[in-house]
Amino acid sequence: MATPTSTPRPHAAPSRPTPRSTTAVHTPTPMSSVTSPPAPGSTPATLRSVASPAYLRSNFAKASPLSHTLGANSGGFSMSRVPTGASQTGSTGSNAALDAHVALMEKTGLTPAGMGMGMGTGMSPLGAGQAGTSGALNGLGIVGVRDQDEERRKKVEEIVALVGTRWGRVCQEGLERAAKRVGLECLWEEGRGGKRMLSIAGNGVLVDVEFNLEEVKNVTLEFSNSGAEVGKSSGDGADILKKDLAAKEEVGYVMLDAFVGNLERLARMDKLSEGGVDCFDAVEGIRAALQTVFDLEVGKARESKGPDARKEAIDREVLCRGSGRPKMHTRGRVGLALQYWMERHLLLPTTPEQGAMDIDTDTPSATEEEPTIHSLIIETEGSSSSLYPSIRIPDSWLGSPLEKPASTEDDPFLKHTSSLNWQEPPPTYLAPDKPPENTTTSTDLHTPNVRFIARFEPPLVVPLQVAADIHLALNAPLTQESIQPTTYESLLFADVPVPQTQTQAQSSQRAVTKKINSYDASGAAKEHTHRYTLFTLQPDYGRTLDSLPFSHPRQLIAILPQLRQWALVGSILRRSFAPDPDSPSFSTDKDDESQHLNGSDPDTLIHDSEMTVDEELAALLADDDEPPIPIANGAGARDKVLPIDITLSTTSSPPRISVVWPQGRELRSVDFGIGPGGVVEVLADEEGQGEVLGIAEEVGVLVEWLCRH
């Protein structure tokens, strides 16, 4: 090939050569001729095959990092404003010319990094067509910029995930879309007069929803691959699903969230049922064992209380003191629930019993509040059989007879269930894909990669050490990665708002003003205002229990005393410090910034937002014979706020709560602990304080009762 010269070809029009002008057929100039400058006053024998420094400087000044375009194939960037010298038709010439650029730029210092054009990380310098030169450009300090496509993709995924939490309202299209999102198949069956039926099917679950236009008329639930015992309660599950889809009269529409929550639970267990192992049959076996234990304990309680005892009282005692009450498809949840604690379970409903159904569903009257029940929702989840024992489907988890002599074991987790004749059934194996040619060996049998799981409803907050003990009792120890530096108090009140007027210094002490009613002998109600302040003797790490794996039903019964213990501690504290919409505790008014100067001095002043400046000054200058703060049921002109200090100790055994409040010119106090099983233990109980607190489960009620006595 001929090397182009500075003399134009005869057939070409004369033109002024530019730094980028080259011929179609080009032989790169050797690196020595490029890097060696010509002698002063001499004319170069050849044109530049590389852009001059002045040209590069002017073009880099005009260029912007935003003008770089993404490579179509490699995902990198190609620098469109940087001259590439030779024609791009020949790869050899292109690479050599680019190497010449690199050498010249390094020598003159005209690199992007040297000119303040750093581009961050994650950038590939060139496209796939120039991959051979990427290593050379990496040496220039062009180590990459943000991958905008990747960032855009992540943002879209976040938006989709956020939108995915919104299921929309009940309608034909919305219901079909929700069913497909949880992994189930849908099939429409057309009817007459605007009637349609949507069949939602899985491997063994079938849900039929009958529509009349957009109104849900009926819902049926079937388990085709499960045993007969599972199908007996399918009608109750269908009623819950229908109620989830029924329009509310006061609203006129209903959201899909409740229905999808139950449908997801059915879909998860349906997908895990394979190889002849049905998860619904496995859960039914757990229910049968728990129901047998519940019936046994109910019979014992009836014998001890006599035939005149109310059935509701006996059931609640077994629920809160025994092995819990198993319920299938109850309280808006499809599936098995083991109810282990009911708040204020000693306050029996005033309406007489109408039947077993009313009692089992805990349906309150129109004037009574529905009781809060803590439950364990028993399901299955995917898990490697090598990491945790798989589900089992035995004929029975209990032997005959149902009871055996009490054990002398010292393990507190087994002491509660030592008299039951629990059995250890053999593993359940998956059916082989094809019949074995020879005799089946142990290597041909596999246990399912599915385990039992108990989900807390509502979640339970416990100290970290208690959570570790519970996990260890279930053979599922906590991992270091799952431990977070969160305190018990912060988790317990995580959903309780903090007043906007509260400063950061005051945030370490939780305080709230609430109103409470007391009743005299005639039944007349009187309203009082309490100001609660919470103190913690020693901060303790906490953990929220959302779910627990287990392999045997006796493991659940064994941990119930600890769960009840902390369920009662949490309910007492939350009932005292939960926000009261009728009290000024969470007002943003500046006058509500009450400063509680806590201490042992009975003359401690509590700033009341209802007191004027003159009244506060009078209280400060009051004689010693006058109490600085009239108690809530005092004989003053009007009641004032009664300050009550509550001190919590979660590190003691059992956890203790101390309550201190002023009465007249004295300070009164009561100290009580919460033992396993939710038993209230009061120190120096001479007035029936433990019984009052056990019934009311509220500090304010106990204080008002003691003030009257």
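Our subject is the structure that appears above.
No experiment lies behind these values; they were computed from the predicted model shown.

**Q** Explanation requested: the overall build of the protein chain in the structure shown.
**A** Scanning the protein chain from terminus to terminus reveals 19 helices and 19 strands. Relative to its 709 residues, the protein chain shows a buried fraction of 41%. Contacts in the protein chain between residues far apart in sequence, at least 24 positions, make up 65% of those at least 6 positions apart. Entry remark: accessible area of the protein chain is about 38100 Å², with carbon and sulfur atoms responsible for 53%.

**Q** When you look at the packing of helix α9 (residues 257-272) against helix α10 (residues 279-305) in this model, what are you seeing that I'm missing?
**A** Geometry of a packed helix pair, given as the angle between the helix axes and the separation of the axes. Where α9 contacts α10, the axes come no closer than 8 Å and their chain directions differ by 110 degrees. Here α9 is positioned roughly perpendicular relative to α10, judged by the angle of their axes. Across the interface between the two elements, L266, M269, D270 and L272 from α9 touch C279, F280 and V283 from α10. Residues of the contact of α9 with α10, tallied by class, amount to six nonpolar, no polar and one charged.

**Q** Please clarify how the sheet that holds strand β13 (residues 510-519) should be interpreted in this entry.
**A** Read from one edge to the other, the open sheet built from six strands follows the order β13-β14-β16-β17-β18-β19, with strand pairing classed as mixed. Looking at which strands have only one partner, the edges of the open sheet turn out to be β13 and β19 (679-682). Each strand of the sheet is rotated relative to its neighbour by a mean of 30 degrees, with strand direction disregarded. Most of the contacts of helix α16 (residues 553-577) go to strand β18 (residues 666-675), to which it runs at about 145 degrees, and overall it touches β13, β14 (525-536), β16 (642-649), β17 (656-663), β18 and β19.

**Q** What should I look at first to understand the sheet that holds strand β6 (residues 215-223) in this one?
**A** Paired through backbone hydrogen bonds, the strands of a sheet run either parallel or antiparallel to each other. In space, the four strands of this open sheet follow the order β3-β4-β5-β6, with antiparallel pairing throughout. Pairing within the sheet leaves two strands with one partner each, and these edge strands are β3 (185-190) and β6. Taken pair by pair, the neighbouring strands of this sheet meet at an average axis angle of 20 degrees, ignoring direction. Two strands pair when backbone bridges link them, and strand β5 (residues 205-212) and β6 are joined in this way by eight bridges, in the antiparallel orientation. Across the sheet, the residue bridging to E210 is N218, located in β6.

**Q** Would you mind going over helix α19 (residues 699-708) with me for this structure?
**A** Every α-helix winds through 3.6 residues per turn, so residues three or four apart in the chain are directed the same way. Along α19, seven of the 10 residues are buried, which leaves the element largely enclosed by surrounding structure. Regarding α19, the residues found buried are V699, G700, L702, V703, E704, L706 and C707.

**Q** Is there a simple way to explain the environment of Q663 in this structure?
**A** Looking at where Q663 falls in the secondary structure, it is placed in strand β17. For the pair Q663 and L642, spaced 21 residues apart in sequence, the C-alpha separation works out to 8.9 Å. Within the structure, the side chain of Q663 is placed 3.2 Å from the side chain of R668, a separation counted as a polar contact.

**Q** Just checking my understanding: could you explain the nonpolar core for this structure?
**A** Soluble globular proteins: nonpolar side chains tend toward being buried together. With 112 residues, the main nonpolar core has L563, L573, I646 and V659 as its most contacted residues. Element by element, the count of residues in this core is highest for α16, at 12 residues.

**Q** Sorry if this is basic, but what is going on with a nonpolar patch on the surface here?
**A** Together, L346, L347 and I695 make up an exposed nonpolar region whose accessible area comes to about 240 Å². Counting through the fold element by element, L346 comes out in the loop between β8 (333-342) and α12 (356-360). What makes L346 partly exposed here is its relative accessible area of 46%.

**Q** What's the story with unusual backbone geometry in this structure? I'm lost.
**A** Excluding glycine, residues mostly carry a negative phi; peptide bonds, for their part, are mostly trans. Put simply, S400 and P401 share a cis peptide bond, and its omega is 0 degrees. Relative to the helices and strands, P401 is located in strand β10 (residues 398-403). Of note, the bond from E457 into P458 is cis; its omega dihedral lies within 30 degrees of zero at 0 degrees. Take P458: it is sitting in strand β12 (residues 450-463). Even without glycine at this site, L213 takes up a positive phi of about 60 degrees.

**Q** How should the side chain of H552 be read in this particular structure?
**A** Mapped onto the elements of the fold, H552 is located in the loop between β15 (542-550) and α16. On the accessibility criterion, H552 (2% relative accessible area) is buried. In this structure the side chain of H552 is engaged in a polar contact, spanning 3.2 Å, whose partner is the backbone nitrogen of R554. With residues near it in sequence (within four places) discarded, H552 still touches R392, W397, W422, Q423, E424 and P425.

**Q** Honestly, the packing of aromatic side chains in this entry has me stumped. Any pointers?
**A** The description of two aromatic rings rests on the distance between their centres and on the angle between their planes. On inspection of all chains with the given rule, the structure shows six aromatic pairs. Seen from their ring centres, W188 and F211 are 6.0 Å apart, and the 45 degrees between their planes marks the pair as tilted. Of this pair, W188 sits in strand β3 while F211 sits in strand β5, placing them 23 residues apart in sequence. Residue classification places F211 among the buried residues on the basis of a relative accessible area of 0%. Within the aromatic cluster, the residues linked to one another by ring pairs are F493, Y532 and F577.

**Q** Could you clarify how one ought to interpret the packing of α10 against helix α11 (residues 311-321) in this entry?
**A** Running from N to C, α10 and α11 cross one another at 125 degrees; their axes reach a closest spacing of 9 Å. Judged by the inter-axis angle, α10 sits oblique to α11. Between α10 and α11 lies a crossing whose hand is right-handed. Contact residues: α10 offers F294, E297, V298, A301, R302 and K305, while α11 offers K311, I314, D315, E317 and V318. Of the residues in the contact of α10 with α11, the class split is five nonpolar, no polar and six charged.

**Q** What is the right way to read the pattern of salt bridges from this model?
**A** Applying the stated criterion to the full structure yields 25 salt bridges. Of the charged contacts in the structure, one is a salt bridge between E150 and R153, with a shortest N-O distance of 2.2 Å. Of this pair, E150 and R153 both sit in helix α5 (residues 148-164), separated by three residues, roughly a single helical turn. The salt bridge involving E284 is made with R287; its shortest N-O contact spans 2.9 Å. Residue E284 and its partner R287 are located together in helix α10, separated by three residues, close to a single helical turn. Through salt bridges with shared partners, a single ionic network connects R265, R268, E379, E381, R451 and R455.

Analysis parameters
- Residues numbered from 1 in each chain as written.
- Predicted model: local features only at pLDDT ≥ 70, side-chain atom pairs only at ≥ 80, totals over all residues.
- Heavy atoms only, no water.
- Helix = DSSP H or I, 4+ residues; strand = E, 2+ residues; numbered from the N terminus.
- Buried < 20%, exposed > 50% of the residue type's maximum accessible area, 1.4 Å probe, protein only.
- Contact = heavy atoms within 4.5 Å.
- Areas by Shrake-Rupley, 256 points an atom, 1.4 Å probe, with all protein chains shown as cover.
- Axes fitted to C-alpha atoms, helices over the stretch in contact; angles between N-to-C directions.
- Parallel < 35°, antiparallel > 145°, perpendicular 65-115°, else oblique.
- Nonpolar A, V, L, I, M, F, W, Y, C, P; charged D, E, K, R; others polar.
- Pairing = 2+ DSSP bridges.
- Polar contact = N/O pair within 3.5 Å; in protein donor to acceptor, adjacent residues only side chain to side chain.
- Core = buried A, V, L, I, M, F, W, Y, C linked by side-chain atoms within 4.5 Å.
- Patch = residues over 30% accessible without salt bridge, like charges linked within 9 Å, V, L, I, M, F, W, Y side chains within 5 Å.
- Salt bridge = Lys/Arg side-chain N within 4 Å of Asp/Glu carboxyl O.
- Phe/Tyr/Trp six-rings, centres within 6.5 Å; stacked < 30°, edge-to-face > 60°.
- Left-handed = near helix turned anticlockwise from the far one by under 90°.

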